[in-house]
Amino acid sequence: SEESADKTNLGFIHAFVAAISVIIVSELGDKTFFIAAIMAMRYNRLTVLAGAMLALGLMTCLSVLFGYATTVIPRVYTYYVSTALFAIFGIRMLREGLKMSPDEGQEELEEVQAEIKKKDEELQRTKLLNGPGDVESGPGTTIPQKKWLHFISPIFVQAFTLTFLAEWGDRSQLTTIVLAAREDPYGVAVGGTVGHCLCTGLAVIGGRMIAQKISVRTVTIIGGIVFLAFAFSALFISPDSGF
């Protein structure tokens, strides 16, 4: 019984470390990172953080469920298929990183800025139609608002929607599904959520400055190495080891 408990705890820890590692290297400099960073410069940071984290948390749970559903297939198959996918992701990220220019990521930053500007214009039109009290404005507003209104404001909805749509089909979502198929699902869920919290929190606190200074090329190359390391670990860990 004690041996089984130790094995379960070790499986959780291994899944947690794996999830938080791959999420960090996948999300730093990603589109969702830029969305949180830019919106935090314009609007209430707590509102942006709450909307983005709700979207990322929901996406992480859905991804873990998708991955866990594949456990009906014999573990030996899902283990080596997931290992092959990690190797493919790693090689692809290395190739992308080596081909990138040192200032890569500025185009995606400008794309996110244009997308948020478009949403701002839509909010302004809504404000004109419904009155100034219906839409949360930027940080310079003097209109008093109740705290609970921040969590149902258009800015919260905008942060949630943009983040959720940007994350759907993203590398981090696919990675979470693959991890949940081979690791402890609870460890993957917790590790993935913590990883998203760290990246999104960094984006919200550091804002646009971090978004402009971050080297997407370096993060991508490091991410490729991390993915290949997890694929390489399959040579030393048995599929039936429990983690």
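None of these values were measured; they are calculated from a predicted model.

A. The UniProt feature "transmembrane region" (unreviewed entry) in the protein, seen in detail. UniProt records the feature "transmembrane region" (unreviewed entry) at residues 12-34, 46-70, 76-94, 148-166, 186-206 and 218-237, using the numbering of this structure. Along residues 46-70, the helical share is 96% and the strand share 0%, with 36 Å between the first and last C-alpha atoms. The span residues 186-206 is 100% helical and 0% strand by assignment, and the distance between its end C-alpha atoms comes to 30 Å.

B. Structural context of a nonpolar patch on the surface. A surface patch of nonpolar side chains, amounting to about 480 Å² of accessible area, comprises Phe-12, Ile-13, Val-17, Tyr-186 and Val-190. At the level of elements, helix H1 (2-27) and helix H8 (185-206) are the ones that each hand at least two residues to the nonpolar patch. Per element, the largest residue contribution to the nonpolar patch is three residues, and it comes from H1. Take Phe-12: it is sitting in helix H1.

C. Local environment of the confidence of the model for the protein. The predicted model of the protein averages 76 in pLDDT, with 74% of residues at 70 or higher. For the protein, per-element mean pLDDT is lowest for helix H9 (residues 208-213), which scores 63, and highest for helix H3 (residues 45-69), which scores 89. Note that pLDDT drops below 50 for residues 133-137; the model gives that stretch 15 contacts with residues more than four away or on any other chain. Low confidence marks residues 139-145, where pLDDT is under 50. Its contacts with residues over four positions away, or in another chain, come to six contacts.

D. Looking closely at the side chain of His-196. Mapped onto the fold, His-196 is located in helix H8. The contact partners of His-196, leaving out residues within four places of it in the chain, are Ile-23, Glu-27, Met-53, Leu-56, Thr-60, Glu-167, Ser-172 and Gly-201.

E. Representation of empty space enclosed by the protein within the structure. Enumeration according to the criterion identifies one cavity of 30 Å³ or more in this entry. Volume-wise, the largest cavity comes out at about 40 Å³. For the largest cavity, the full set of lining residues is Glu-27, Thr-32, Phe-33, Ala-36, Leu-56, His-196, Cys-199 and Thr-200. Those elements giving two or more residues to the lining of the largest cavity turn out to be helix H2 (31-42) and H8. Across the lining of the largest cavity, the residue classes tally to four nonpolar, three polar and one charged.

Rules and cut-offs
- Counting restarts for each chain: residues are numbered from 1 in the order of the written sequence.
- Given that the model is predicted, a residue must reach a pLDDT of at least 70 before its local features are reported, and side-chain atom pairs must reach 80 or more before they are shown or counted; all residues, however, enter totals for whole chains, interfaces and linings.
- Excluded from the side-chain calculation are hydrogens and water; included are all heavy atoms of the structure.
- UniProt positions are given in the numbering used here, feature names are shortened, and annotations may be inferred rather than shown by experiment.
- Each helix is a run of DSSP H or I of at least 4 residues and each strand a run of E of at least 2, with the numbering of both proceeding from the N terminus.
- Any residue with relative accessible area above 30% and no salt bridge may belong to a patch, with like charges joined within 9 Å and the nonpolar Val, Leu, Ile, Met, Phe, Trp and Tyr side chains within 5 Å.
- Residue burial considers only the protein chains on display, and all accessible areas are found by Shrake-Rupley using a 1.4 Å probe.
- A pair is scored as a salt bridge if a Lys or Arg side-chain nitrogen falls within 4 Å of a carboxyl oxygen belonging to Asp or Glu.
- As a per-residue measure, pLDDT reflects the predictor's confidence and takes values from 0 up to 100.
- Contacts between residues were defined by any pair of non-hydrogen atoms, one from each residue, lying within 4.5 Å.
- Within this scheme a cavity is a closed region of a 1 Å grid, computed over the protein atoms alone, that accommodates a 1.4 Å probe without allowing it to escape, whereas a pocket is open but has protein on both sides within 12 Å along at least five of seven lines; lining residues each have an atom within 4 Å of a point.
- Grid points are joined across faces, edges and corners, and a volume is the space filled by probe spheres set on the points.
- When residues are grouped by polarity, Ala, Val, Leu, Ile, Met, Phe, Trp, Tyr, Cys and Pro land in nonpolar, Asp, Glu, Lys and Arg in charged, and all others, Gly among them, in polar.

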